[in-house]
Amino acid sequence: MGSFADFHCHSTFSDGRLSPTQLVDLAYRNGVRIFAMTDHDIGDGLTEAFEAAGRYRDFTLIPGIEMSTDVPGNEVHILGHFIDWHDEPFLRRLDLLQESRLNRAREMVEKLVTLGKPVTWEAVEAFAGEGAVGRPHIALALMDAGHVSTVNEAFDLYLSRNGPAYVERDRLSPEEVVALLLSVGGIATLAHPRELYASGNLDALLATLKRAGLTGMEVYYQDYLPAEIETLHAIASRFELIPLGGSDYHGLGGPQQREPGNIPLPLEPVDAYLTVARERGALHRARIAHVR
Ligand code: AMP
Ligand code: ZN
Ligand code: FE
Ligand code: FE
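Since the model is a prediction, treat every value here as computed from it, not as a measurement.

Some details on the coordination of the iron ion (ligand 4)
In the first shell of the iron ion (ligand 4), the protein supplies His8 (NE2), His10 (NE2), Glu66 (OE) and Asp248 (OD), at 2.0 to 2.2 Å from the metal. The site at the iron ion (ligand 4) holds 4 donor atoms, and with the angles between them running 79 to 164 degrees, its shape is irregular. All donor residues of the iron ion (ligand 4) come from one chain, and their arrangement in sequence is H-x1-H-x55-E-x181-D. Between the iron ion (ligand 4) and the zinc ion (ligand 2), a separation of 4.4 Å is found.

Side note on the site of ligand 1
Looking at ligand 1, the residues that line it are Asp15, His40, Arg101, Arg104, Gly134, Arg135, Pro136, Asn152, Phe155, Arg169 and His250. The separation between a nitrogen atom of ligand 1 and a polar side-chain atom of Asn152 is 3.4 Å. Contact between ligand 1 and His250: an oxygen atom at 3.0 Å from a side-chain N or O atom of the residue. About the coverage of ligand 1: the protein hides 79% of its 500 Å² of free accessible area. Among the elements of the structure, helix 3 (88-114), helix 5 (135-144) and helix 6 (151-159) are those that each provide at least two residues to the shell around ligand 1. Taken together, the residues that form the shell around ligand 1 break down as 2 nonpolar, 4 polar and 5 charged.

Things to note about the coordination of the iron ion (ligand 3)
Six octahedral donors at a metal ideally form angles of 90 or 180 degrees, and four tetrahedral donors ideally form angles of 109.5 degrees. Only Glu66 (OE), His77 (ND1) and His192 (NE2) from the protein reach the iron ion (ligand 3) as donors, at distances of 2.1 to 2.2 Å. The sequence pattern formed by the donor residues of the iron ion (ligand 3) is E-x10-H-x114-H. The distance between the iron ion (ligand 3) and the zinc ion (ligand 2) comes to 5.6 Å. Here His77 is found in strand 4 (residues 74-81), whereas its partner His192 is found in the loop between strand 5 (187-190) and helix 8 (194-198), with 115 residues between them in sequence. Of the two residues, His77 and His192, both sit in the buried class.

Cut-offs applied
Residues take numbers from 1 onward in each chain, read along the sequence in its written order. Chain letters start at A and ligand numbers start at 1, both assigned in the order the entries are written. Predicted model: local features are reported for residues with pLDDT of at least 70 only, side-chain atom pairs are reported and counted for 80 or more only, and whole-chain, interface and lining totals are derived from all residues. Values shown for side chains rest on all heavy atoms present in the structure; no hydrogens or waters enter the calculation. Water is absent from the atoms considered, so a metal site may look incomplete; donors are defined as N, O and S atoms within 2.8 Å of the metal, or 3.2 Å for Na, K and Ca. Here the metal geometry follows the donor angles, with tetrahedral for four donors whose angles all fall between 85 and 135 degrees, square planar for four and octahedral for six when opposite donors are more than 155 degrees apart and every other angle is between 65 and 115, and irregular for all the rest. For this purpose, a residue is taken to be near a molecule or strand whenever a single non-hydrogen atom of the residue falls within 4 Å of it. Think of a polar contact as two N or O atoms within 3.5 Å of one another; within protein, one of them needs to be a possible hydrogen donor and the other a possible acceptor, and neighboring residues in sequence only count if both atoms come from side chains. Throughout, the Shrake-Rupley method with a 1.4 Å probe supplies accessible areas, and for residues the shown protein chains are the sole cover considered. Each helix is a run of DSSP H or I of at least 4 residues and each strand a run of E of at least 2, with the numbering of both proceeding from the N terminus. Each residue is assigned to one class: nonpolar for Ala, Val, Leu, Ile, Met, Phe, Trp, Tyr, Cys and Pro, charged for Asp, Glu, Lys and Arg, and polar for all the others, Gly among them. Exposure is judged per residue with a 1.4 Å probe applied to protein chains only, and the accessible area is read against the type maximum: over 50% gives exposed, under 20% gives buried, and values in between give partly exposed.

Remember that the coordinates give geometry; whether it matters functionally is a separate question.
Have a look at this one:
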């Protein structure tokens, strides 16, 4: 059941519930040996993740990030792997994104007050901790205040894209995000394309992003069904994208949740992805363990 690699997970540095160390340990326990931590719009947790990975002889850690962007009608999340996350202009760009996340979260809290479902900013801050604030933190505050009983319910009633408390983020275009990731030596993969596919926007986006330098697309993801995987795999092939995978584990529960490594990602695309990294001279930014 367990996959050898997992390219998508969140820690407390964004909206995950486990610290980078706990996340690395859980991935290792689950049999994952090639792992990317990909917090939302922030790389700060990677220092701790590398320290944690250093305790294992046979564990490869890839520095990653998940960047939020959108097209009309859909959110678009793009994963960057093998990034130079110390790059100064990149860090400044991420700082601006953190600031806009904060302002936007405040606006969502105000909307909830207007909707008669008040949460305090202090509660949101407490759930967010030091890292990038996001809607899951507001969802936890809604649970804490007794307005909802699960994170999924908070999204369904208030926080989803069409929900009454939703506020948009500052937007970079998907092409800009791919260019930004490439500018720091990253390799870019489109995350969780289910909704994009359902709304008929996937082909057009992939055509654009392929030109911008996209390398992969997540095909093996959370609760994606075999038939869905097959469809997405065919689309990835058509655009000559590597069919990658990740659990997107947050530790927030819900029926869609999968633990690190609990995805049917085969080895072949993993090897193909690492080959791209080698060819681009990006491997050295990962901690590579020679296990095979
Ligand atoms: P944000 O970055 O603040 O826009 O929040 C995005 C995060 O919210 C995603 O990474 C998911 O973890 C979570 N999320 C988005 N939509 C839903 C949903 N419908 N149900 C539960 N969690 C969601
Ligand atoms: Zn998230
Ligand atoms: Fe995402
Ligand atoms: Fe994610």
